[in-house]
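# Structural features, examined
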Amino acid sequence: QVQLVESGGGLVQAGDSLRLSCAASGRTFSKYPMAWFRQAPGKEREFVALIMWSAGSTYYADSVKGRFTISRDTAKNMVYLQMSSLKPDDTATYYCAAQRSYTRATPTGREEYAYWGQGTQVTVST
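This one's a predicted model, so the numbers in the text were calculated from it and none came from an experiment.

### Describing the overall build of the protein
- A count of helical and extended segments in the protein gives 0 helices and 11 strands.
- The globule rule puts the C-alpha radius of gyration for 126 residues at 14 Å, and the 14 Å found for the protein is close to it.
- Expressed as lengths along the three principal axes of its C-alpha atoms, the size of the protein is roughly 40 × 30 × 25 Å.
- Of the contacts formed within the protein by residues at least 6 apart in sequence, a portion of 56% connects residues at least 24 apart.
- Of the accessible surface of the protein, which amounts to about 6400 Å², a share of 46% is contributed by carbon and sulfur atoms.
- Taken together, the 14 basic and 10 acidic charged side chains of the protein have centroids lying 6 Å from each other.

What follows is the structure, encoded as structure tokens:
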């Protein structure tokens, strides 16, 4: 059974940095990408970033490009999201996600992921 556990969220001020972590277990993750999504109150869950587990190729939402960096540590089965220049609009619950099967080369839709962590809260104050 696949398990994803996020950590690292917290309360920060605008302009600050924060690193989120996702610990993955339960199966090999080398074949499919992993992703970060976020969901703010009253809004749909939206794509943030994805990374191929082995190759390390990445893809970002326009809203975070240049500010966020997704990375992985293959030996530790860990995925990270380094967030810089945080804005109040970044306030959300952040979720780590993994696919059960292939959909397309750059899956950015919530429906394309079968496994989810419990989420970690990020709050950015003004």
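### Re the state of the cysteines
- This model, assessed by the stated rule, comprises 1 disulfide.
- The residue that forms a disulfide with C22 is C96, at a sulfur-sulfur distance of 2.1 Å. Between C22 and C96, the disulfide has an S-S torsion of -80° and is therefore left-handed. Taken together, the residues C22 in strand β3 (residues 18–25) and C96 in strand β9 (residues 92–98) connect sequence positions 74 residues apart.
- The class of C96 is buried, set by a relative accessible area of 0%.

### A short note on the pattern of salt bridges
- Under the counting rule described, the total for this entry stands at 5 salt bridges.
- The closest approach of N and O atoms between D90 and R67, which form a salt bridge, is 2.8 Å. Highlighted residues: D90 in the loop between β8 (78–83) and β9 and R67 in the loop between β6 (58–60) and β7 (68–73), separated in sequence by 23 residues.
- A salt bridge links R104 to E112, with the nearest nitrogen and oxygen atoms 2.7 Å apart.
- Of the residues examined, R104 reaches a relative accessible area of 38% and is grouped as partly exposed.
- Here E112 falls in the buried class, since its relative accessible area comes to 10%.

### Examining empty space enclosed by the protein
- Scanning the model with the defined rule gives 1 cavity of 30 Å³ or more in all.
- Size it by volume and the largest cavity reaches roughly 50 Å³.
- Along the walls of the largest cavity sit R38, Q39, A40, K43, E44, E46, D89, T91 and A92, which together make up its complete lining.
- Its residues placed into classes, the lining of the largest cavity shows 2 nonpolar, 2 polar and 5 charged.

### Some words on the side chain of R67
- Accessibility expressed as a relative area gives 13% for R67, which makes it buried.
- From its side chain, R67 meets the backbone oxygen of S85 in a polar contact 3.0 Å long.
- Beyond its immediate sequence surroundings of up to four residues, R67 is in contact with Q82, M83, S84, S85, L86, K87 and D90.

### As for the sheet that holds β8
- Strands sit in the order β1-β3-β8-β7 across an open sheet of 4 strands; the sheet is antiparallel. A single partner strand is all that each edge strand has here, and the edge strands are β1 (3–7) and β7. Each strand axis lies, on average, 15° off the axis of its neighbour in the sheet, ignoring direction.
- Pairing between β1 and β3: 5 bridges, direction antiparallel. Residue pairing in the sheet places S7 in a bridge with S21 of β3.

Procedures and definitions
- Residues numbered from 1 in each chain as written.
- Predicted model: local features only at pLDDT ≥ 70, side-chain atom pairs only at ≥ 80, totals over all residues.
- Heavy atoms only, no water.
- Helix = DSSP H or I, 4+ residues; strand = E, 2+ residues; numbered from the N terminus.
- Rg over C-alpha atoms; globule rule 2.2 N^0.38 Å.
- Contact = heavy atoms within 4.5 Å.
- Areas by Shrake-Rupley, 256 points an atom, 1.4 Å probe, with all protein chains shown as cover.
- Lys, Arg positive; Asp, Glu negative; His and termini not counted.
- Charge placed at Lys NZ, Arg CZ, Asp CG, Glu CD.
- Disulfide = S-S within 2.5 Å.
- Buried < 20%, exposed > 50% of the residue type's maximum accessible area, 1.4 Å probe, protein only.
- Salt bridge = Lys/Arg side-chain N within 4 Å of Asp/Glu carboxyl O.
- 1 Å grid on protein atoms, 1.4 Å probe; cavity = no way out; pocket = protein on both sides within 12 Å on 5 of 7 lines; lining within 4 Å.
- Points joined across faces, edges and corners; volume = space filled by probe spheres on them.
- Nonpolar A, V, L, I, M, F, W, Y, C, P; charged D, E, K, R; others polar.
- Polar contact = N/O pair within 3.5 Å; in protein donor to acceptor, adjacent residues only side chain to side chain.
- Pairing = 2+ DSSP bridges.
- Axes fitted to C-alpha atoms, helices over the stretch in contact; angles between N-to-C directions.

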